[in-house]
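Okay, here's what each chain looks like letter by letter:
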Amino acid sequence: AMEKFTYLVVVNIILLKDEKVLLSRRFNTGYHDGDFELPSGHMDGNETVRAAAAREAKEELGVTINVDDLEVSHVMHRFGENYERIEFFLTAESWEGEPDVMEPHECDEMKWFPVNELPVNMIPKSKYGLEQSLAGVIFSEFDWK
């Protein structure tokens, strides 16, 4: 039987507080190091999208988010870096704990930015997905040549 095409699936976490969003700066990864992005990670399989986002939030930020407090705010079908992926953007406005750098080997700073003053050095797909989420746009196709 022919192999079915499979996707990488990524969850991106939008923590909102007082019109600000939490961004993390990549470090030592070989991809966009020194640039800010939404905290994100790959789905492991055998977990729901919201559970994956909650897991990543715990691993990367050290915060606990109830899955019911995570809302899928945007879905992106993206090419880029030579393979396709589906990116889910999930928004939360409540969580437990104070976000902090939990993986210093790949992130060297976390910072709250006003949603209308995002940093210039922000990864394009992350910025676009955030902007679409905030604008209430459900779906986009990004990075297709």
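Check the entry above for the structure.
Because the structure is predicted, anything quoted here is derived from the model rather than measured.

1. Let's talk about the overall build of the chain
Turning to step 1, where the next piece is worked out: Within the chain, the regular secondary structure consists of 2 helices and 8 strands.
Turning to step 2, where the next piece is worked out: The C-alpha radius of gyration computed for the chain amounts to 15 Å, which stays within 12% of the reference 15 Å derived for 145 residues, consistent with globular compactness.
Turning to step 3, where the next piece is worked out: In terms of its C-alpha atoms, the chain occupies a principal-axis envelope of roughly 50 × 35 × 30 Å.
Turning to step 4, where the next piece is worked out: Sorting the 145 residues of the chain into buried and exposed places 45% on the buried side.
Turning to step 5, where the next piece is worked out: In the chain, 68% of the contacts between residues at least 6 apart in sequence involve partners at least 24 apart.
Turning to step 6, where the next piece is worked out: In the form shown here, the chain has an accessible surface area of approximately 8,100 Å², with 50% of it arising from carbon and sulfur atoms.
Turning to step 7, where the next piece is worked out: Charged side chains in the chain number 14 positive and 29 negative. The centres of these two groups are separated by 3 Å.

2. Digging into the pattern of salt bridges
Turning to step 1, where the next piece is worked out: Summed over all chains, the structure comprises 12 salt bridges.
Turning to step 2, where the next piece is worked out: Between K127 and E131 there is a salt bridge, and its shortest N-O distance comes to 3.1 Å. Here the residue K127 and the residue E131 both occupy positions in helix α2 (residues 124-134), the gap between them amounting to 4 residues, near one helical turn.

3. Some details on helix α1 (residues 49-61)
Turning to step 1, where the next piece is worked out: When the terminal C-alpha atoms of α1 are compared, their 17 Å separation across 13 residues agrees well with the 18 Å that a helix rising 1.5 Å per residue should span.
Turning to step 2, where the next piece is worked out: In this structure, the buried residues of α1 make contact with β1 (8-17), β2 (20-26), β4 (40-42), β5 (71-78), β6 (85-92) and β7 (107-114).
Turning to step 3, where the next piece is worked out: Just beyond α1, the residue with positive phi is G62, at close to 75°.

4. A closer look at the pairing of β6
Turning to step 1, where the next piece is worked out: When you tally the buried positions in β6, you get 8 out of 8 residues, the bulk of the element.
Turning to step 2, where the next piece is worked out: The alternating pattern of β6 places R85, E87, F89 and T91 on one face and I86, F88, L90 and A92 on the opposite face, and all of these are buried.
Turning to step 3, where the next piece is worked out: Of the strand pairs in this sheet, β1 and β6 are connected by 8 bridges, and their pairing is parallel. Paired with L8 across the two strands is R85, which belongs to β6.
Turning to step 4, where the next piece is worked out: With 7 bridges joining them, β5 and β6 adopt antiparallel strand pairing. Looking at β6, one finds that E71 is bridged to T91.
Turning to step 5, where the next piece is worked out: Counting the residues that bridge the hairpin from β5 to β6 gives 6 residues, and of these G80 lies at a positive phi of roughly 70°.

Definitions and limits used
Residues numbered from 1 in each chain as written. Predicted model: local features only at pLDDT ≥ 70, side-chain atom pairs only at ≥ 80, totals over all residues. Heavy atoms only, no water. Helix = DSSP H or I, 4+ residues; strand = E, 2+ residues; numbered from the N terminus. Rg over C-alpha atoms; globule rule 2.2 N^0.38 Å. Buried < 20%, exposed > 50% of the residue type's maximum accessible area, 1.4 Å probe, protein only. Contact = heavy atoms within 4.5 Å. Areas by Shrake-Rupley, 256 points an atom, 1.4 Å probe, with all protein chains shown as cover. Lys, Arg positive; Asp, Glu negative; His and termini not counted. Charge placed at Lys NZ, Arg CZ, Asp CG, Glu CD. Salt bridge = Lys/Arg side-chain N within 4 Å of Asp/Glu carboxyl O. Expected span 1.5 Å × (residues − 1). Pairing = 2+ DSSP bridges.

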